[in-house]
Amino acid sequence: MTALKNDRFLRALLKQPVDVTPVWMMRQAGRYLPEYRATRAKAGDFMSLCMNPELACEVTLQPLDRYPQLDAAILFSDILTIPDAMGQGLFFETGEGPRFRKVVSSQADIDALPIPDADKDLGYVMDAVRTIRRELNGRVPLIGFSGSPWTLATYMVEGGSSRDFRKSKAMLYNDPQAMHALLDKLAQSVTAYLNGQIRAGAQAVQIFDSWGGALSAAAYQEFSLAYMRKIVDGLIREHDGRRVPVILFTKGGGLWLESMADTGAEALGLDWTCDIGSARARVGDKVALQGNMDPSVLYASPAAIRAEVDRILAAYGPGSGHVFNLGHGITPEVDPAHAGAFFEAVHELSAQYHV
């Protein structure tokens, strides 16, 4: 494998010294970029884009070509590839988001679910990882990712997106044994999927627990965090002669940082509701922190964006262990020039904290 020309993202995740705070952005390959919209139109639809390794590579690299300050690439894919490979029949409705043709509603449905073979059933993702690594040619590290078991389970039980998770929570409280059986299958599937990405060339992985924050404190520990810990325990942690860092990101998870830091992951992602200085004081040297600017700040002027970057850097303070990111994904209506102002501000203003 080609040597990395820029490894500050991986170094920061391992709390090693860096020259400036590294930065990347969730959904950095996405609809805010006109070049992405053009490639997606060429693909025909979202899943056709995900399942074409060359086009997935093309959109993964687009933000890096536009913004030389980016310190990492993230695989272009979707968190729902695993349920789709389990036979749930993923499709996307305009204005409705992801939907499934099959819904999981009973123990029998769960028993019938296969654990996908990462290389066979999700081979298009592994092909995309290999293609991206080749085309990156060591420019920056590549991040692989998956949804968390709880997050994937909500889509499978609800049949798509949900505001109140009525069916998922009803199963959790009415039939916890069935929910645990579903989460266990998903944890096995996610572990195999992320290990497949690591073998194919992902140099760090992130687990997106998008809906963990919808749970009570007790339910979060039992039905979300326990399964993420199981995944972390099962991951390949050394590959190509390097540590493969793991980032856990629970949106709305600021209440549970201490227990998240005990999972064995190298880093925790923070949303914007959590003060990063307080988070650093709570977790100490146990993990690095990633985040955590409110994505809506990117609608403001470049001067306002710069001021907010400055505030977050000061809140974290000196030293390594901070990867700058948004507290959730960039939204489609953001002016690409504002994203550029954000990346420039992070590198320019953070140098003073790494003397």
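Above this text you will find the structure in question.
Here the structure is a predicted model, which is why all the values come from computation and not from measurement.

### A few points about the packing of helix α2 (residues 34-43) against helix α4 (residues 53-66)
Point 1. It is the contact of α2 with α4, at a shortest axis distance of 9 Å, that shows an interaxial angle of 170 degrees. As the angle between them shows, α2 and α4 are arranged roughly antiparallel. On α4, the residues that touch Pro34, Glu35, Tyr36, Thr39, Lys42 and Ala43 of α2 are Leu55, Glu58, Val59, Gln62 and Arg66.
Point 2. The class makeup of the residues in the contact of α2 with α4 is 5 nonpolar, 2 polar and 4 charged.

### As for the pairing of strand β4 (residues 142-147)
For a regular strand, the rule is simple: side chains alternate between the two faces of the sheet.
Point 1. Judged by how many residues are buried, β4 sits mostly within the fold: 6 of 6 residues are covered.
Point 2. Bridge count between β4 and strand β5 (residues 204-209): 5 bridges; the pairing is parallel. Opposite serine 146, over in β5, you have isoleucine 207 as the bridge partner.

### Section: the sheet that holds strand β10 (residues 288-293)
Point 1. The strand order across the open sheet formed by 7 strands is β1-β4-β5-β8-β9-β10-β11, and the pairing between neighbours is parallel. Unpaired on one side and paired on the other, β1 (73-74) and β11 (322-326) mark the two borders of the sheet.
Point 2. Sheet topology note: the β10/β11 ladder contains 5 bridges and is parallel. The residue bridging methionine 293 from the neighbouring strand is leucine 326, located in β11.
Point 3. Of the strands in this sheet, β5 and β8 (246-250) are in contact with helix α11 (residues 217-234), which crosses β8 at around 165 degrees.

### As for unusual backbone geometry
Glycine aside, a negative phi is what most residues show, and trans is what most peptide bonds show.
Point 1. A cis amide bond links glycine 291 with the next residue in sequence, asparagine 292, at an omega value of 0 degrees.
Point 2. Its identity as a non-glycine residue notwithstanding, lysine 15 has a phi of 60 degrees, on the positive side.
Point 3. The partly exposed category is assigned to lysine 15, whose relative accessible area is 33%.

### A look at the layout of surface pockets
Point 1. Estimates place the volume of the largest pocket at around 1400 Å³.
Point 2. Together, 42 residues line the largest pocket, and Arg27, Arg31, Phe46, Asp78 and Phe92 are the ones closest to its centre.

### Let's talk about the pattern of salt bridges
Point 1. Going through the model one piece at a time under the given rule, you end up with 17 salt bridges.
Point 2. Notably, a salt bridge pairs glutamate 266 with arginine 237, separated by 2.4 Å at the nearest N-O pair. Of this pair, glutamate 266 sits in the loop between α12 (257-261) and β9 (267-269) while arginine 237 sits in the loop between α11 and β6 (238-239); the two residues are 29 residues apart in sequence, bridging distant segments of the chain.
Point 3. Taken together, the shared-partner salt bridges in this structure form one network comprising Arg237, Glu238, Arg243 and Glu266.

Scoring rules and cut-offs
- Residues numbered from 1 in each chain as written.
- Predicted model: local features only at pLDDT ≥ 70, side-chain atom pairs only at ≥ 80, totals over all residues.
- Heavy atoms only, no water.
- Axes fitted to C-alpha atoms, helices over the stretch in contact; angles between N-to-C directions.
- Helix = DSSP H or I, 4+ residues; strand = E, 2+ residues; numbered from the N terminus.
- Parallel < 35°, antiparallel > 145°, perpendicular 65-115°, else oblique.
- Contact = heavy atoms within 4.5 Å.
- Nonpolar A, V, L, I, M, F, W, Y, C, P; charged D, E, K, R; others polar.
- Buried < 20%, exposed > 50% of the residue type's maximum accessible area, 1.4 Å probe, protein only.
- Pairing = 2+ DSSP bridges.
- 1 Å grid on protein atoms, 1.4 Å probe; cavity = no way out; pocket = protein on both sides within 12 Å on 5 of 7 lines; lining within 4 Å.
- Points joined across faces, edges and corners; volume = space filled by probe spheres on them.
- Salt bridge = Lys/Arg side-chain N within 4 Å of Asp/Glu carboxyl O.

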